[in-house]
Amino acid sequence: MLKRVLLILSISAISMTINAMNYSVSFSKVKSHYVTVDVEFNVRDKAYVDFKVPVWTPGSYKVREFSNAFENVSADNLEIKRLNKNTWRIFTGGQSQVSLSYDVYCFTVSVRQSYADEYYAFLHGVSVFGYIDGYENEQIDLTIHPNDNWANVEVSLPRTKNSKHSYRCSNYDLLADSPLAIGNFDTIDYTSGDVPHKIVMIGKGNYDLKKVMEDFKKISDTQIEMMGSHPSSQYVHFVYNVSQGGGGLEHANSQTSMMPRWNYTNSNKYRSFLGLIAHEYFHLWNIKRIRPKELGPFDYEREVYSEMLWIAEGITSYYDDITLLRMGAYSKEEYLKIITSQINRLENSPGKTVMSLAHSSLLAWVKAYLPNEESSNKTISYYNKGMVVAVILDLKIRSSSNYSLDDVMRKLYVDFYLENNRGFTYDEFVGVCSEIAGKDMSIFLNDVVYSLKPINYDIFKEFGLDLTIDRSYSTKPWSGISTELKGDRIMVTNIVSNSPGVESGLSVNDEIIALDDWRLKFKFEDYLSRYKIGNRIKIMYSRDGKMRTTHLRFSSNPIIKYNLLVAEETNKKLLGWLNQ
Ligand SMILES: [Zn+2]
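Residues numbered from 1 in each chain as written. Predicted model: local features only at pLDDT ≥ 70, side-chain atom pairs only at ≥ 80, totals over all residues. Heavy atoms only, no water.

A few points about the pattern of salt bridges
Consideration 1: Within the structure shown, the criterion is met by 29 salt bridges.
Consideration 2: In this structure, the salt-bridge partner of E65 is K85, at a minimum N-O distance of 3.0 Å. In this pair, E65 sits in the loop between β3 (48-52) and β4 (70-75) while K85 sits in the loop between β5 (80-84) and β6 (87-91), placing the two residues 20 residues apart along the sequence.
Consideration 3: Residue K85 is classed as partly exposed on the basis of its relative accessible area of 43%.
Consideration 4: In this structure, R410 engages D407 in a salt bridge whose closest nitrogen and oxygen atoms are separated by 2.9 Å. Separated by 3 residues within a single helix, R410 and D407 lie in helix α11 (residues 405-418), roughly one turn from each other.
Consideration 5: R410 sits in the partly exposed class, given a relative accessible area of 28%. (Salt bridge = Lys/Arg side-chain N within 4 Å of Asp/Glu carboxyl O. Helix = DSSP H or I, 4+ residues; strand = E, 2+ residues; numbered from the N terminus. Buried < 20%, exposed > 50% of the residue type's maximum accessible area, 1.4 Å probe, protein only.)

Rendered as structure tokens:
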């Protein structure tokens, strides 16, 4: 009853403030990669309004300064003053209606930015649509005026009745979160969870569209079955087929995923692509709806900090692979190898003794998204450790209860999103994990999230799995130096902290020329078999053109290699986990 009263109140509050804004997009300057956006809105009795452009895009934690591409901002003959990098103040001069116009330079092929030419346009919401400060909750009608030879206007928004290419957004957040593809594309539809889905192929490739559709549908069916329902009324997969590249970005009712166009017939690469699709699709729930409290509604003008990106990305990374296992694309053995590779990556990261999972999340803006040659020594990935933690968390829940991490995700979805439409705090997340597990999970979670303590993998034994450690590398000589052959030059690309390489004084970007006075022809690592632990070698190298000499003494290789092997095929807990 209380909920019903609140609902009626909130609907009447919205209806009093609705004042439709009209955005339109046209392409008369598209040969020079400019897209024109017109915005009409009612300013009521304000002396001025501020037009703002986001500095970052949700889902990618980097300041990208989208205003860099905005040109020709004008509003009829009204006075406009540029206040700062992303704000234009429009003085209304007593007018009630303002028509704002601007051009956006769209020349970046990316899931996070926009591109347009005479053949097609892919428009990423935050990078082309600014907002009027204080009007973010106004309803928006969006009209696209495609070029005559463009047959497709694709966006995951409901159509308005009055025009073929007009769409309605309840607020700016939805406009910002709704990418558009305009041009001529192969498309195919499917239905999953009673929700219409569409695949839009931006760019050509060697795909079999029907097979792609069948595989995407399996992903959708598998995840909707797990989560109980689909949160959207429609969904679009934008697949960006490119010469080279990768990655994806989640949206409220769509995803954009990049695929090298000729990789569809390579079964391993195609399966990795399905993993990407499953990852972005699972974000429909985990981050777009199940979210740490900091991650929405967004402040588009500055960084949004969260210590819980590992929940959004690590747990999603766990579910993208397990989706492929559940739909039959991975065998159990293949799946265990994926977990093993993630454990090996984490356990051999020098950064694991420097950066906690919480800080990896919090500092994504200046660490993960601004990597440099020292990053591997000082940072860990919240995708990587977050995924490993998700595995252990799931097994611990399964061990102490009849439930699993699936139940945690469903409960977070229902309790926080569906019933309260809000994000959760870390303590609330721990509380839900503890409630589902039937025991206090705070010590385990605090340790793996906030401390640098090693992860305890003993839980695998309960599931009939042996995590073996291969230390045979310790008999091999090691320098801690990685090199790459660039042309005929052997360049240092990475040096592990506290390694013989650091002791030698070599740096990233040094060119190694000779070992013990013999010129190198191959990568430095290719010569290690000539040496033993304890050998001291002379290295001639060039730094910024100046020839230098140093010595390096090899130590033993600290790399450890884990293997996760099935010890008890019939272990009931193992079967419950992997045969679900
Ligand atoms: Zn993700």
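Description of the nonpolar core
Consideration 1: Core analysis: the biggest nonpolar cluster contains 101 residues, and Y61, W310, Y318, F429, L445, F460 and W577 have the highest contact counts within it.
Consideration 2: In contact with Y61, other than residues within four places in its own chain, are W56, I287, L295, L309, A364, W365, Y369 and Y382. (Core = buried A, V, L, I, M, F, W, Y, C linked by side-chain atoms within 4.5 Å. Contact = heavy atoms within 4.5 Å.)

Overview of the environment of K538
Consideration 1: Along the chain, K538 turns up in strand β26 (residues 536-543).
Consideration 2: Residues K538 and L515 lie 23 residues apart in sequence; the distance between their C-alpha atoms is 5.7 Å.

Notes on the packing of aromatic side chains
The description of an aromatic ring pair rests on the distance of the ring centres and on the angle between the ring planes.
Consideration 1: A full pass over the atoms with the stated rule returns 48 aromatic pairs.
Consideration 2: Look at F41 and Y135: their rings are 5.9 Å apart centre to centre, the planes differ by 75 degrees, and that puts the pair in the edge-to-face class. With F41 in strand β2 (residues 34-42) and Y135 in the loop between β10 (131-132) and β11 (140-145), the pair connects residues that are 94 residues apart, well separated along the chain. No difference in accessibility class separates F41 from Y135, as the two residues are buried.
Consideration 3: Considering the side-chain rings of F51 and F70, the 6.4 Å spacing of their centres and the 45 degrees angle between planes classify their relative orientation as tilted. In this pair, F51 sits in strand β3 while F70 sits in strand β4, placing the two residues 19 residues apart along the sequence. Judged on exposure class, the residue F51 and its partner F70 are both buried.
Consideration 4: Against the face of Y473 rests K476, its NZ or CZ located 5.8 Å from the ring centre. (Phe/Tyr/Trp six-rings, centres within 6.5 Å; stacked < 30°, edge-to-face > 60°. Lys NZ or Arg CZ within 6 Å of the ring centre and 35° of its normal.)

Focus on the sheet that holds strand β16 (residues 195-202)
Consideration 1: One open sheet accounts for 5 strands, arranged β15-β16-β17-β19-β18; its pairing is mixed. Edge positions in the open sheet fall to β15 (186-192) and β18 (248-250), since each of these has one partner strand only. The sheet shows a mean angle of 15 degrees between the axes of neighbouring strands, taken without regard to direction.
Consideration 2: Bridge analysis of β15 against β16 gives 7 bridges, and the strand direction is antiparallel. Paired with T191 across the bridge in β16 is P196.
Consideration 3: Sheet strands touched by helix α4 (residues 209-227): β15, β16 and β17 (235-242). Its angle to β15, the strand with the most contacts, is close to 30 degrees.
Consideration 4: Strand contacts of helix α5 (residues 267-282): β16, β17, β18 and β19 (254-260), with the helix running at about 165 degrees to β19, the strand carrying the most contacts. (Pairing = 2+ DSSP bridges. Axes fitted to C-alpha atoms, helices over the stretch in contact; angles between N-to-C directions.)

Some details on the packing of helix α10 (residues 382-400) against helix α13 (residues 442-450)
Consideration 1: Relative to each other, α10 and α13 sit at 170 degrees, their axes nearing to 11 Å. Classed by the angle they form, the pair α10 and α13 counts as roughly antiparallel. Residues K385, V389, I392, L393 and K396 of α10 pack against F444, L445 and V448 of α13. (Parallel < 35°, antiparallel > 145°, perpendicular 65-115°, else oblique.)

Description of unusual backbone geometry
Consideration 1: Residue P297 follows G296 across a cis peptide bond; omega there is -5 degrees.
Consideration 2: Relative to the helices and strands, P297 is located in the loop between α5 and α6 (309-326).
Consideration 3: Here the phi dihedral of I287 falls at roughly 125 degrees; this positive angle occurs in a residue that is not glycine.
Consideration 4: Position of I287 among the secondary structure elements: in the loop between α5 and α6.
Consideration 5: The residue N421 is not glycine, and still its phi comes out positive at about 45 degrees.

Digging into the coordination of the zinc ion
Consideration 1: Every protein donor of the zinc ion is accounted for by H279 (NE2), H283 (NE2) and E313 (OE), and the metal-donor separations fall at 1.9 to 2.1 Å.
Consideration 2: The sequence pattern describing where the donors of the zinc ion fall on their chain is H-x3-H-x29-E. For the pair H279 and H283, one class covers both residues: buried. (Donors = N, O, S within 2.8 Å, 3.2 Å for Na, K, Ca; no water.)

Some points on helix α12 (residues 426-437)
Consideration 1: The terminal C-alpha atoms of α12 lie 16 Å apart, and with 12 residues this matches the ideal 16 Å at 1.5 Å per residue to within 8%.
Consideration 2: Three or more residues of α12 are buried, namely Y426, F429, V430, V432, C433, S434, I436 and A437.
Consideration 3: Turning to α12, the residues buried within the fold contact α6, α10, α11 and α13.
Consideration 4: Immediately downstream of α12, the backbone of G438 shows phi near 75 degrees, a positive value. (Expected span 1.5 Å × (residues − 1).)

Brief notes about helix α7 (residues 332-347)
Helical geometry note: an α-helix holds 3.6 residues per turn, so side chains three or four residues apart project in the same direction.
Consideration 1: Given a rise of 1.5 Å per residue, 16 residues ought to cover 22 Å, and the 22 Å separating the end C-alpha atoms of α7 matches this to within 8%.
Consideration 2: Among all positions in α7, only Y335, L336, I338, I339, T340, Q342, I343, N344, L346 and E347 are buried.

Observations regarding the environment of L336
Consideration 1: Positionally, L336 belongs in helix α7.
Consideration 2: For L336, a relative accessible area of 4% translates into the label buried.
Consideration 3: In contact with L336, other than residues within four places in its own chain, are L465, L564, V566, W577 and L578.

From the geometry alone we can't say anything about function, so treat these as descriptive.
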